[in-house]
Amino acid sequence: MELSSGFHARSDPHVFSSSGGKAMGKLIEATHEFAGFDISMKPVLDVVEDIFQRATPAAPGALKQVDDATDERALPYSNLDEFMDILSVTINRISCEITYRLSVGEDAHSTTLAVAQIVKGYSWDAKIVLALAAFAMTYGELLLVIQLYATNPLAKGVALLKQLPEVLARADLLKPKFDTLANLIHAMLVVAKCIIEFKELPSKYISPQDPELSSANADIPAAVYWTIRSTVVCSSQIMNLINTGHESLASASSADSWELSSLTHNINSIHDDLVEKLNHCRKLINERKDVEAFQTLVRLFDATHIDNIKILKALVYSKDGQPPLWDGTTKRRVSVELLRRKSVMLLISDLEIPDKEVLILEQIYSDSRGQTRVESQYDVIWIPIVDRSTPFDDTKRKQFESIQATMPWYSVVHPSVIQPAVVRYIKEVWGFSKKPLLVVLDPQGKVVNHNAMHMMFIWGSLAYPFTKLREEALWKDETWRIELLADSIDPNIINWAKGKVICLYGGEDMDWIRKFTTTAKAVARAANIKLEMLYLGKSNPRENVRRNMTTIQLENISHTLSDISLIWFFWARLESMWHSRAQHGVTVQNDLIMQEILTMLGFDGSDRGWAVISRGSDELTRAKADTALKSLEEYAAWATASAEKGFVPALNDYIKSLQTEHHCNRLILPGISAAAIGSINERVACVDCGKPMEVLLMLRCCTD
């Protein structure tokens with residue numbers, strides 16, 4: 001048999017088309033006769049990749065010189081012995097088959113199908129890895145001789161027999177060919193890795209019948225065909241190189257480069273398609289894992305436990321085994337074990353949690369830490385809920401860390417420890433949307449309150465253990481008094497209530513504030529009473545309220561709160577009272593406290609001011625701006641009654657006498673979901689006339 005001096009595995013250009021590629025996949029699929037011999041090919045591919053990395057020529061204009069004694073990369077060969085006894089025969093057979101068929105001038109397509117026959121009993125990932133392993137031997141042997149040629153006599157002798165010295169003398173011409181080969185080799189490796197990844201997809205969560213996987217499985221035969229064909233063409237290039245002098249090397253046909261580049265482009269396109277489908281599969285798997293995890297959470301919360309550790313570990317997942325919590329006091333990572341058999345409050349919010357809300361909670365929490373009562377025996381974990389559809393970029397990281405730094409309690413070390421199933425449970429079962437929640441777990445991990453934020457705002461740590469029964473008991477002992485209304489916002493109120501008349505007032509109209517406070521002081525002198533006044537602004541205190549506070553302090557008009565956030569807290573606490581009372585089924589028609597709460601919230605909805613005047617715990621009256629001012633201006637009309645009944649009861653009677661049938665009350669109830677709007681008018685009646693209030697949807701953007 002006459003052997004040709006050049007080995008060319010030419011390709012028909014039409015096979016690179018989409019239709020041609022699918023047809024090739026059908027041909028190789030027809031050879032597939034899986035024999036059930038299934039082993040992990042990843043260790044073999046690791047060795048193949050290592051060979052290619054070590055063999056690839058280095059910097060421009062030079063061939064890589066490697067000293068094994070100084071190359072300290074770990075060799076991925078430790079777990080291969082048991083496999084290679086089985087696989088080495090097949091690998092050598094493939095190598096010999098390619099060498100023989102190319103030497104007799106057979107084309108790349110026929111040679112590819114011949115290799116497919118050799119590996120017909122193997123799985124698809126094994127076919128592609130075995131073909132790459134066979135080419136790695138050919139490629140590695142050549143590059144080993146090239147690398148050692150200058151320093152090793154044995155390599156020099158082998159090089160002479162392979163006619164390499166002339167070629168090695170023109171390394172500048174050799175490098176472009178190896179660069180083109182390296183590009184194709186890389187493309188083949190990433191396709192092989194991708195196919196192995198399909199093989200390793202967990203059958204528990206995805207099956208070949210799923211469209212996402214069946215679509216990929218239909219494309220894998222074509223990927224295997226083109227990868228085997230690429231190893232054949234690469235082998236042809238190597239064999240031609242050995243038999244080519246430097247004159248021929250310099251004038252090598254551009255057809256070789258065109259074919260290698262075309263194959264590289266084709267393999268890369270196949271890889272891109274497979275990666276897209278692999279991502280679809282992973283998405284499906286993650287969705288099914290999330291469903292399973294969600295169902296596990298549901299069962300876990302329905303079960304009875306001896307402590308809270310299972311619950312806490314399910315909520316706060318530590319993937320890397322590191323402690324998942326951050327201690328805001330000691331500034332270090334800690335384990336959930338520190339919270340075993342403790343009452344735990346989960347502060348759930350997004351990264352837009354208001355600073356003032358954190359500040360108020362921090363004050364309540366810090367006060368409880370300084371106590372030895374049972375009410376202080378609870379801990380808090382911040383659970384931040386972030387949108388996983390957008391990247392957690394540097395801006396979000398800084399925002400998270402900034403909030404975390406203000407919190408003295410525990411928080412997760414990173415939002416990623418909150419798994420999607422937990423986020424779903426928090427939203428669907430606990431009802432988290434935008435407003436922060438304070439979910440309470442007892443020492444056994446049982447949820448005893450889906451949102452104790454209202455209890456915390458109203459009573460602070462006295463609401464411990466924050467159960468519904470505790471909430472009912474606290475309300476049972478309450479009456480509408482100045483202490484319930486405001487003692488949480490200013491400690492002076494408790495002392496003032498011991499004999500002084502207290503006037504709480506608010507609004508933004510500075511002219512009314514001056515008139516009202518001046519008149520109130522004059523009436524106090526006339527009635528010979530001790531009067532303390534405190535400005536409480538509006539529920540959404542912004543620059544107007546801040547300016548008013550400064551003016552009131554400079555002009556010594558009355559007391560103001562030490563921080564503007566306490567004004568927000570006063571109104572937020574009233575809203576919490578409304579939510580809390582409403583949850584227990586009370587209404588304006590049957591509950592005095594609810595009537596007074598809604599009256600106060602209605603005052604805040606007006607454009608002008610308001611006033612609440614009290615003495616002791618059982619005397620209290622209130623009025624809108626005009627009525628409050630008018631009643632004080634007309635003190636002479638009720639001065640006698642004041643001397644007989646007392647200042648506050650007489651004032652209350654006179655305020656009632658000034659009320660007319662005409663009125664217009666506006667009530668803003670934040671935190672009401674859109675779904676609940678339709679039923680609000682059935683539960684909220686006007687405090688003046690008792691008629692159901694009309695429900696209007698208000699959208700507001702305040703930027704002052």
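Calculation notes
Residues numbered from 1 in each chain as written. Predicted model: local features only at pLDDT ≥ 70, side-chain atom pairs only at ≥ 80, totals over all residues. Heavy atoms only, no water. Core = buried A, V, L, I, M, F, W, Y, C linked by side-chain atoms within 4.5 Å. Buried < 20%, exposed > 50% of the residue type's maximum accessible area, 1.4 Å probe, protein only. Helix = DSSP H or I, 4+ residues; strand = E, 2+ residues; numbered from the N terminus. Contact = heavy atoms within 4.5 Å. Pairing = 2+ DSSP bridges. Axes fitted to C-alpha atoms, helices over the stretch in contact; angles between N-to-C directions. Phe/Tyr/Trp six-rings, centres within 6.5 Å; stacked < 30°, edge-to-face > 60°. Lys NZ or Arg CZ within 6 Å of the ring centre and 35° of its normal. Salt bridge = Lys/Arg side-chain N within 4 Å of Asp/Glu carboxyl O.

The chain goes by Protein SIEVE ELEMENT OCCLUSION B-like in an unreviewed UniProt entry, where it is assigned to Hibiscus sabdariffa.

1. Focus on the nonpolar core
Generally speaking, a soluble globular protein has its nonpolar side chains buried in company with each other. Leu 347, Leu 485, Leu 504, Tyr 505, Phe 570, Met 600 and Phe 647 are the most contacted members of the largest nonpolar core, which has 98 residues in total. When residues of this core are assigned to their parent elements, the largest contribution, eleven residues, is made by helix α22 (residues 564-583). Look past the residues within four positions of Phe 570 in its chain and what remains in contact with it is Leu 485, Ala 486, Ile 489, Leu 536, Met 600 and Trp 610.

2. Quick look at the sheet that holds strand β11 (residues 610-615)
Read across the sheet, five strands follow the order β10-β9-β8-β11-β12 without closing on themselves; strand pairing throughout is mixed. In this open sheet, the two edge strands, each paired with only one partner strand, are β10 (559-560) and β12 (619-624). Sheet topology note: the strand β8 (residues 501-506)/β11 ladder contains six bridges and is antiparallel. From the neighbouring strand, Gly 506 faces β11, where its bridge partner is Trp 610. Helix α26 (residues 647-658) rests against β8, β11 and β12 of the sheet, and its axis sits at about 35° to β12.

3. Description of the packing of aromatic side chains
Following the criterion strictly, the structure yields 28 aromatic pairs and no others. With centroids separated by 5.5 Å and ring planes inclined at 85°, the aromatic side chains of Trp 571 and Trp 610 adopt a geometry described as edge-to-face. Taken as a pair, Trp 571 in helix α22 and Trp 610 in strand β11 lie far apart in primary sequence, 39 residues in all. Its relative accessible area of 1% is what places Trp 610 among the buried residues. An aromatic cluster is built from Tyr 365, Tyr 378, Trp 409, Tyr 464 and Phe 466, whose rings are joined through pairwise contacts. Directly above the ring of Trp 124 sits Lys 127, whose terminal nitrogen or CZ lies 5.1 Å from the centroid. The aromatic ring of Trp 475 is capped on one face by Arg 581, whose charged end is 4.5 Å from the ring centroid.

4. Remarks on the pattern of salt bridges
A side chain of one charge can pair with a side chain of the opposite charge if their charged atoms are brought near each other. Counting across every chain of the model gives 32 salt bridges. Note that Asp 50 is salt-bridged to Arg 54, the shortest N-O span being 2.8 Å. A residue pair is termed a helical-turn pair when its members lie 3 or 4 positions apart in one helix, as Asp 50 and Arg 54 do in helix α2 (residues 42-55) at four residues. Here the two residues Asp 50 and Arg 54 agree in accessibility, since each one is buried. We note a salt bridge from Lys 283 to Glu 287, for which the minimum N-O separation is 2.7 Å.

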